[in-house]
Amino acid sequence: MSAEYELARVESVRLLRDPALSVALAATAWWVMATHRSSAHQTTYLLLIGYSLMLPGFVMVVHTILSTLRSRIEHTDELMNVLPVGRDRRTVSHALSAAAGVMLGAATILATYVILRPAASIGSGDNSIPPTIDIPRPNLAQLLQGPIAILAVLAFVVALTRWVPTWLVILPLAVLLLVQGVFLGLWFAVPSGNATWWFPLGTGVVHGEWIGCGETDRVCDLPVSGFDQTTPWWHLAYLISVAVTSVVIAVLRHRRDRSTWFWFVVSLASVVTLAIVQLAVSVEYAPVSALP
Amino acid sequence: MSAIVQIRSLSRTYGRSPALGPVDLDFGVGVTGLLGPNGAGKTTLLRILATSLAPSGGDIRVLGHDAGTPSGRLAIRRQLGYVPQELGLYENFTAFDFVDYVAILKEHVDRRARHDEVRRVIAEVDLSDVRSKKIRKLSGGMRRRVALAQALLGEPTLLVLDEPTVGLDPEQRLRFRQIISRHAERRCVVLSTHMTEDVEALCDRVVVLVQGRVAFDGTPLELAGKAAGRVWVGDRLDPGAAVSWRTGEGRHRHVGDPPPGAELIPPTVQDGYLLLNGGVPEGASA
């Protein structure tokens, strides 16, 4: 086993032993149990497609920032930088330690699934989904979305922290979290474009025809018309390519040899390709008023 | 003495300010002490030696590996133990976990063998009793010993220690000398210090740096010899002395140009260093 894997193992253990993570998991368990008791269909769906990992994921993000910045915060760079396992290899280890988050995420989703026991149809909408629409049980790709999103986000955090090695990394992450947690989640993708698939957690919600609410159609309503269960498979591939690209970008901070540049180009091309594929394959309804 | 470290025309500047050199030095098996006032270039030299800082000019080779190339630096780092001057440790780690973490970064991959090695170096610096304590709860001297423990991992060929005895109590300093002298039997140790008694007790060679240049290179005895005939004691303060202080016996110890009939005493390394350090030019009364 190489030093990178051994270091990743140590970092993983430290992540899993973080008391804040236990608190986050306890809060998640309470959320899941409360949903189970209330039979809230929309929330059940959200929890299963990865939203149950929002709080533990947030703790993992903070932990990963701190562990990636540790040598800087504790003023040990002078020592660490003259050890045989240099910063580039330590970067890989920090990213690999996200595997612990993936496994914990998968276990959390599995536990959520067992507790909520969703039928083929979870139920009808009870909030922003019309009662006439059945909410389907998430397929395997959607169940895996949360854990793989953790992988992508933590790898992204490592890259961001390597390039912005201060607490300022919190700012862009806070914006992303706000968009993901509030706009794309709680209100089921208010921005109706397919580009919502570019964010880690896709709801799979498909919007129906655009109903104009005024002469200029500036005010409108986008009713939900169904669920897209095909794009999530592409989305998983997209998230994995984002994770790989993030690791390569993080490594580029301290190692810029030909091989690293090659992987940067290949992985970035895969991200762009899969981002476009997601737009192409996702179900889209053209607004009536937009038609000629 | 076969040279483990070879330094040729080594120099370093910060902006336009020269900090070191050019210097030519060879270090072999044994303990070499670096003495010098603040800003003399000791830390700069040690940081270059530890591959933490790139020189502005010149060459440095450790066991034949060129520190100027990435592969050479990696080879040097695999043979290096380093205690930097600015002592940063992971406060939330236990002493064991921190040394273990460094051991991984030194490519000790096999877990069982690594843990044995970590326990060995922790025992060597006499920290076995507190190895499970968080570093933030350790005293300054204990933290110094944690830093030394990580440097000893893998019995490195080259040990670079920047002011390693700061914060150690007398007992611990003796223990430190014991550890270092044992390691120096087969390895190269280069340490910087302000404590001339450490040099006297520990080093078989001393290099004095003044304003980035080598002002002296020899044995501690030779450095002390620089002050031969220029150290005396008297019952009262001698205004002609360059440096004077009252000893515990109530007499005054003087360094400089003694007056006729002065009670001369054998000089120490500190006396030689004081004279060499520009404070007391030879043949001049300050």
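Because the structure is predicted, anything quoted here is derived from the model rather than measured. (Residues numbered from 1 in each chain as written. Chains lettered and ligands numbered in written order. Predicted model: local features only at pLDDT ≥ 70, side-chain atom pairs only at ≥ 80, totals over all residues. Heavy atoms only, no water.)

### Some details on the packing of aromatic side chains
Here is the rule we go by: Classification of ring pairs rests on two measures: the distance between centres of Phe, Tyr or Trp rings, Trp counted by its six-membered ring, which must be within 6.5 Å, and the angle between planes, read as stacked under 30 degrees, edge-to-face over 60 and tilted in between. Think of it in three bands: residues with accessible area under 20% of the maximum for their type are buried, residues over 50% are exposed, and the middle band is partly exposed, with areas taken using a 1.4 Å probe on protein chains only. Lysine and arginine charges are scored as sitting over a ring when NZ or CZ, respectively, is within 6 Å of the ring centre and within 35 degrees of the ring normal.
The final tally for this structure, using the stated rule, is seven aromatic pairs over all chains. Ring centres of Y90 of chain B and F98 of chain B lie 5.5 Å apart, and the angle between their planes is 85°; this geometry places the pair in the edge-to-face category. Relative to Y101 of chain B, the ring of F93 of chain B lies with its centre 5.5 Å away and its plane at 90°, an arrangement referred to as edge-to-face. One exposure class covers both F93 of chain B and Y101 of chain B, and it is buried. Among the aromatic residues, those joined into a ring-pair cluster are Y90, F93, F98 and Y101 of chain B. Above the ring of Y90 of chain B, the side-chain terminus of R70 of chain A is found at 5.3 Å from the ring centroid. Taking the ring centre of W163 of chain A as reference, the NZ or CZ of R253 of chain A above it sits at 5.3 Å.

### Observations concerning the domain arrangement of chain B
Quick reminder of the rule: What counts as a domain boundary in this text is fixed by an automatic or database domain assignment.
By domain assignment, chain B separates into domain 1 (1-79 + 156-219), domain 2 (88-154) and domain 3 (229-266). Each of domain 1 of chain B and domain 3 of chain B has a C-alpha centre, and these two points are 33 Å apart.

### Structural notes on helix α2 (residues 19-38) of chain A
All names here are of chain A. Our working definition: Here a helix means four or more residues in a row that DSSP labels H or I, a strand means two or more in a row labelled E, and each is numbered from the N terminus. By this rule, a helix spans an expected 1.5 Å times one less than how many residues it contains. Directions from the helix axis toward the C-beta atoms define the arc. Any pair of residues with heavy atoms lying within 4.5 Å of one another is described as a contacting pair. Any N or O atom pair separated by 3.5 Å or less is treated as a polar contact, with the protein-specific requirement of one donor-capable and one acceptor-capable atom, and with residues adjacent in sequence counted only for side-chain atom pairs.
The terminal C-alpha atoms of α2, which comprises 20 residues, lie 29 Å apart, in line with the 28 Å expected from a rise of 1.5 Å per residue. Of all the residues in α2, the buried ones are L21, A24, T28, V32 and T35. Taken end-on, α2 shows its buried residues confined to a sector of 80°, consistent with a single buried face. Exposed positions of α2 whose direction lies more than 90 degrees from the buried face are P19, V23, W30 and R37. Packing partners of the buried residues in α2 comprise α1 (3-16), α3 (41-48), α4 (54-73) and α7 (98-116). Put simply, D18 is the residue that caps the front of α2, since its side-chain oxygen is 3.0 Å from the backbone nitrogen of A20.

### Observations concerning the pattern of salt bridges
Convention followed: When a carboxyl oxygen of Asp or Glu is within 4 Å of a side-chain nitrogen of Lys or Arg, the pair counts as a salt bridge.
Tallied over the entire structure, the rule returns 27 salt bridges over all chains. R89 of chain A is paired through a salt bridge with E4 of chain A; the nearest N and O atoms lie 2.9 Å apart. Taken as a pair, R89 of chain A in helix α6 (residues 87-96) and E4 of chain A in helix α1 lie far apart in primary sequence, 85 residues in all. E107 of chain B is the salt-bridge partner of R89 of chain A, the closest N and O atoms lying 2.9 Å from each other. In this pair, R89 of chain A sits in helix α6 while E107 of chain B sits in the loop between α3 (95-105) and α4 (111-124), so the two residues belong to two different chains.

### As for helix α6 (residues 170-183) of chain B
Residues and elements named next belong to chain B. Compared with the 20 Å implied by 1.5 Å per residue over 14 residues, the 20 Å span of α6 between its first and last C-alpha is a close match. Within α6 the residues assigned to the buried category are Q172, R173, F176, R177, I179, I180 and H183. Projected down its long axis, α6 carries its buried residues within an arc of 165°, all on one side. Opposite the buried face of α6, by more than 90 degrees, sit the exposed residues P170, E171 and L174. Check the buried side of α6 and you find it contacts β3 (30-35), α4, α5 (140-152), β7 (158-162), β8 (188-192) and α7 (196-202).

### Looking at the pairing of strand β10 (residues 213-218) of chain B
Note on strand geometry: in a regular strand, side chains alternate between the two faces of the sheet. All names here are of chain B. Put simply, the rule reads: Here the rule is simple: two strands pair whenever DSSP picks up at least two bridges between them.
Examined bridge by bridge, strand β9 (residues 205-210) and β10 share five bridges and lie antiparallel to one another. Residue pairing across strands places V207 opposite D217, the latter belonging to β10. Between the antiparallel neighbours β9 and β10 lie two residues, among them Q211 with a positive phi of about 50°.

### Quick notes on a nonpolar patch on the surface
Going by this rule: Surface patches are defined over residues having more than 30% relative accessible area and no salt bridge, joining like charges when they lie within 9 Å and nonpolar side chains (Val, Leu, Ile, Met, Phe, Trp, Tyr) when within 5 Å. What sets the accessible areas is the Shrake-Rupley method with a 1.4 Å probe; for residues, cover comes only from the shown protein chains.
Together, L66, I73, W167 and I170 of chain A make up a nonpolar patch on the protein surface, roughly 350 Å² of accessible area in all. Counting through the fold element by element, L66 of chain A comes out in helix α4.

### Regarding a negative patch on the surface
Heads up, the condition is: Lys and Arg are tallied as positive, Asp and Glu as negative. Neither His nor the chain termini are counted. A single reference atom marks each charge: NZ on Lys, CZ on Arg, CG on Asp, CD on Glu.
A cluster of acidic residues, D126, D129, D169 and E171 of chain B, forms a negative patch on the protein surface. Position of D169 of chain B relative to the elements: it lies in the loop between β7 and α6.

### What to know about the interface of chain A and chain B
Definition in use: By definition, the buried area sums, over both parts, the 1.4 Å-probe accessible area that each loses when the two are put together. Nonpolar residues are Ala, Val, Leu, Ile, Met, Phe, Trp, Tyr, Cys and Pro. Charged residues are Asp, Glu, Lys and Arg, and all others, Gly as well, are polar.
The interface of chain A with chain B comprises 25 residues on the first partner and 29 residues on the second. Considering only the surface of chain A that becomes buried against chain B, E78, V82 and P84 of chain A emerge as the three largest contributors, covering 27% of it. In this structure, E6 of chain A and R111 of chain B form a salt bridge, with 3.4 Å as the shortest nitrogen-oxygen distance. Seen at the junction of chain A and chain B, the total is 11 residue pairs in polar contact (both at pLDDT 80 or more). Every element with two or more residues in the side of chain A that touches chain B is listed here: α1, α4, α5 (77-80) and α6 of chain A. Broken down by element, the side of chain A that touches chain B gets its largest block of residues, seven residues, from α1 of chain A. Each residue belonging to the side of chain A that touches chain B can be placed in one class, and the counts come to 10 nonpolar, six polar and nine charged.

### Observations regarding the sheet that holds strand β6 (residues 80-83) of chain B
Residue and element names in this part refer to chain B. Test applied: Convention adopted: a line fitted to C-alpha atoms gives each axis, helices being fitted over their contacting stretch, and angles between N-to-C directions are expressed from 0 to 180 degrees.
Read across the open sheet, the six strands follow the order β6-β7-β8-β3-β9-β10; overall the sheet is mixed. Each of the sheet's edge strands pairs with one partner strand only, and the pair in question is β6 and β10. Each strand of the sheet is rotated relative to its neighbour by a mean of 15°, with strand direction disregarded. Pairing between β3 and β8: five bridges, direction parallel. Of the residues in β8, the one forming a bridge with L34 is S192. Its contacts with the sheet place α5 against β6 and β7, and it is angled at close to 165° to β6. On the sheet, helix α9 (residues 269-276) packs against β3, β9 and β10 and is oriented at approximately 25° with respect to β9.

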